[in-house]
Amino acid sequence: MNKKIINVAIVGVTGYGGLELLRLLHNHPTVHVVSIHNTSNDSEDISVSYPHLQSMYKIAPTPFDPLHIMQSTDLVFFATSSGVSKDLVQQFIEANFPVIDLSGDFRLNAPDYEVWYKKTPAPQSLLDQANYSLADFYQNDSHYIANPGCYATATLLALAPLAQQQLLDQENIVIDAKSGLSGAGKSLNLSSHFVNVNENFSMYKPNHHQHIPEITQQLKHWQSNIDHIQFTTSLLPINRGIFVSAYVKLTKQLSADTLQKIFEDTYKNKPFVRVMPKDQLPDIKQVVGTNFADIGLTYNPNTKYLTIVSVIDNMIKGAAGQAIQNMNHLFNLDETTGLQLIAQYA
Ligand SMILES: NC(=O)C1=CN([C@@H]2O[C@H](COP(=O)(O)OP(=O)(O)OC[C@H]3O[C@@H](n4cnc5c(N)ncnc54)[C@H](OP(=O)(O)O)[C@@H]3O)[C@@H](O)[C@H]2O)C=CC1
Ligand SMILES: CC(=O)N[C@@H](CCC(=O)OP(=O)(O)O)C(=O)O
């Protein structure tokens, strides 16, 4: 077995995604976190502000210095807010140094990024070096991995078996996605106030969510005639978890047994995607704390709609866990290394 140690840096370590990387990487047998970075100039040990890390890590944030990171590590994770990595990564890309970027900065082409993120995009020459990598369908020839977004991950895994076989009716792809609050990151605003979220349920960014072009772009790669989806997002009063309900019609009539088999065949060699037994649907709790995506389907012969439910932990499968899965692929490790987690069920 390859026991070579992979030294890594984490930029954006004090966010939810960065802290989750620290937590998961602690259990990775061949990774050593050698440097951590954020915006403050605070040089105290990370466990002073984050006491849950006491006795697990002895490391303090240091100023971000790309040359030093490249000399002292083998890979850098960017777990920074959107709009940050595009301005910080040029030297890594020019040196062909491995980067896994959890933000949306390198997932889209320049015009789409400008429209959907409302920010100035990275130069197209840098965007061209990045590869969007849904880790369960890893096919990558780049050292710059754009890790998928959380909603996009749950949605794409729900639709991949159909899109890959050209089975989606392009006019009938309706996605109703819901997320726990940690998906919004650590910054506070009125809509993430406890009193607004607790015992409440609300839809946000209808038809305007930045993951719409990301999902459409990947679906189009699998099934070329798809160029739009109906997509809404809602906020669940829980910390972690995404629940995607996809309602789709198909380009040909298939029995419920055949549809179930298509999903089972697509995912039979994918350790992190579990297809539920026929007509059983997953719930969020069975994946929270894990890198699994659990998927179930049910077909209505009267309306001809197939309902697909896909659940993930937004912080793990939707961010840090998938980033580690991509890193494992990049370094030719078994993709499950450091990620074999069972949900805390009760
Ligand atoms: N939360 C989730 O479930 C998911 C998040 N993502 C994406 O991952 C990224 C991180 O998300 P999340 O952890 O939730 O965000 P947070 O807002 O919780 O954290 C953002 C992190 O970025 C750091 N940061 C911001 N600006 C800079 C800068 N200029 N230089 C260095 N560090 C900087 C912050 O440092 P400081 O503490 O000093 O301010 C903080 O550590 C985002 O792009 C998000 O969209 C993707 C999938 C799911
Ligand atoms: C609950 C919640 O607010 N979720 C965030 C997820 C955003 C995210 O991680 O987006 P990027 O990866 O595209 O930056 C949202 O809907 O905007």
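So, how was this worked out
- Residues numbered from 1 in each chain as written.
- Chains lettered and ligands numbered in written order.
- Predicted model: local features only at pLDDT ≥ 70, side-chain atom pairs only at ≥ 80, totals over all residues.
- Heavy atoms only, no water.
- Helix = DSSP H or I, 4+ residues; strand = E, 2+ residues; numbered from the N terminus.
- Buried < 20%, exposed > 50% of the residue type's maximum accessible area, 1.4 Å probe, protein only.
- Contact = heavy atoms within 4.5 Å.
- Areas by Shrake-Rupley, 256 points an atom, 1.4 Å probe, with all protein chains shown as cover.
- Lys, Arg positive; Asp, Glu negative; His and termini not counted.
- Charge placed at Lys NZ, Arg CZ, Asp CG, Glu CD.
- UniProt positions renumbered as here; feature names shortened; annotations may be inferred.
- Phe/Tyr/Trp six-rings, centres within 6.5 Å; stacked < 30°, edge-to-face > 60°.
- Near = heavy atom within 4 Å.
- Polar contact = N/O pair within 3.5 Å; in protein donor to acceptor, adjacent residues only side chain to side chain.
- Nonpolar A, V, L, I, M, F, W, Y, C, P; charged D, E, K, R; others polar.
- Pairing = 2+ DSSP bridges.
- Axes fitted to C-alpha atoms, helices over the stretch in contact; angles between N-to-C directions.
- Domains from an automatic or database assignment.
- Buried area = accessible area lost by both parts, 1.4 Å probe.
- Salt bridge = Lys/Arg side-chain N within 4 Å of Asp/Glu carboxyl O.

Caption draft 1: A look at the overall build of the chain. From N to C terminus, the chain includes 12 helices and 13 strands. Its C-alpha atoms give the chain principal-axis dimensions of roughly 65 × 45 × 45 Å. Out of the 346 residues belonging to the chain, those deemed buried represent 55%. Contacts in the chain between residues at least 24 apart in sequence constitute 70% of all its contacts with a sequence separation of at least 6. Surface exposure of the chain reaches about 15700 Å², of which carbon and sulfur atoms provide 51%. Averaging the locations of the 23 positively and 30 negatively charged side chains of the chain gives two centres separated by 5 Å.

Caption draft 2: A look at the UniProt feature "active site" (unreviewed entry) in the chain. When the UniProt feature table is mapped to this numbering, "active site" (unreviewed entry) covers C150. Mapped onto the secondary structure, C150 falls in helix 8 (residues 150-163). Residues contacting C150, with those up to four places away along its chain left out, are H211, I242, I312, N314 and G318.

Caption draft 3: Geometry of the packing of aromatic side chains. As enumerated under the stated definition, the model contains 10 aromatic pairs in all. Aromatic side chains F64 and F78 sit 6.0 Å apart centroid to centroid with 70° between the ring planes, which places their arrangement in the edge-to-face category. Of the two residues, F64 is situated in the loop between helix 2 (46-49) and helix 3 (66-72) and F78 in strand 3 (residues 75-78); the sequence distance between them amounts to 14 residues. Members of the aromatic cluster, each reached through a chain of ring pairs, are F64, F78, F92 and F97.

Caption draft 4: A look at the site of ligand 2. Inspection of the region around ligand 2 gives 14 residues, with Y117, Y204, K205, H209 and H211 positioned closest. Between ligand 2 and G183 there is a distance of 3.3 Å, counted from a nitrogen atom to a backbone nitrogen or oxygen. A distance of 2.6 Å is found between an oxygen atom of ligand 2 and a side-chain nitrogen or oxygen belonging to H209. The fraction of the free accessible surface of ligand 2 (440 Å²) that becomes covered by protein chains is 83%. By residue class, the composition of the shell around ligand 2 is 6 nonpolar, 6 polar and 2 charged.

Caption draft 5: Molecular detail of the site of ligand 1. Around ligand 1, the structure places 26 residues, and the nearest of them are T14, G17, T39, T80 and K186. Between Y16 and ligand 1, the recorded distance is 3.0 Å, taken from a backbone N or O atom to an oxygen atom. Contacts to ligand 1 include N314, whose side-chain N or O atom sits 2.9 Å from an oxygen atom. When residues of the shell around ligand 1 are traced back to their parent elements, those giving at least two are helix 1 (16-25) and helix 12 (316-330). Residue composition of the shell around ligand 1, by class: 9 nonpolar, 16 polar and 1 charged.

Caption draft 6: Geometry of the sheet that holds strand 4 (residues 99-101). Strand order in the open sheet made by the 6 strands is 2-1-3-4-6-5, with parallel pairing throughout. In this open sheet, the two strands that pair with only one neighbour each are strand 2 (31-37) and strand 5 (130-132). Averaged over neighbouring strand pairs, the angle between their axes works out to 25° when direction is ignored. The pairing of strand 4 with strand 6 (residues 144-146) spans 3 bridges and is parallel. For D101, the partnering residue across the bridge sits in strand 6 and is A146.

Caption draft 7: The arrangement of the domain arrangement of the chain in detail. Each assigned domain of the chain is listed with its residue range as follows: domain 1 (6-148 + 317-330) and domain 2 (151-314). Each of domain 1 and domain 2 has a C-alpha centre, and the two are 25 Å apart. Contact residues are listed per partner, giving 23 residues for domain 1 and 32 residues for domain 2. With both chains or domains summed, domain 1 and domain 2 bury close to 2200 Å², and 58% of this area falls on carbon and sulfur atoms. Among the residues of domain 1 in contact with domain 2, W116, F137 and K317 are the three that bury the most area, contributing 33% of the side total. At the boundary of domain 1 with domain 2, the tally comes to 2 salt bridges. Between E20 and R240 there is a salt bridge whose closest N-O contact spans 2.9 Å. Here domain 1 and domain 2 share 13 residue pairs in polar contact (both at pLDDT 80 or more) between them. Looking at the side of domain 1 that touches domain 2, the element that brings in the most residues is helix 12, giving 6 residues. Here the residues of the side of domain 1 that touches domain 2 are counted per class, giving 10 nonpolar, 7 polar and 6 charged.

Caption draft 8: Local environment of the side chain of T73. Note that T73 resides in the loop between helix 3 and strand 3. Residue classification places T73 among the buried residues on the basis of a relative accessible area of 5%. Here the side chain of T73 touches I69 through a polar contact of 2.8 Å, landing on its backbone oxygen. When sequence neighbours within four positions are dropped, the list of residues in contact with T73 reads N7, V8, A9, V34, S35 and F97.

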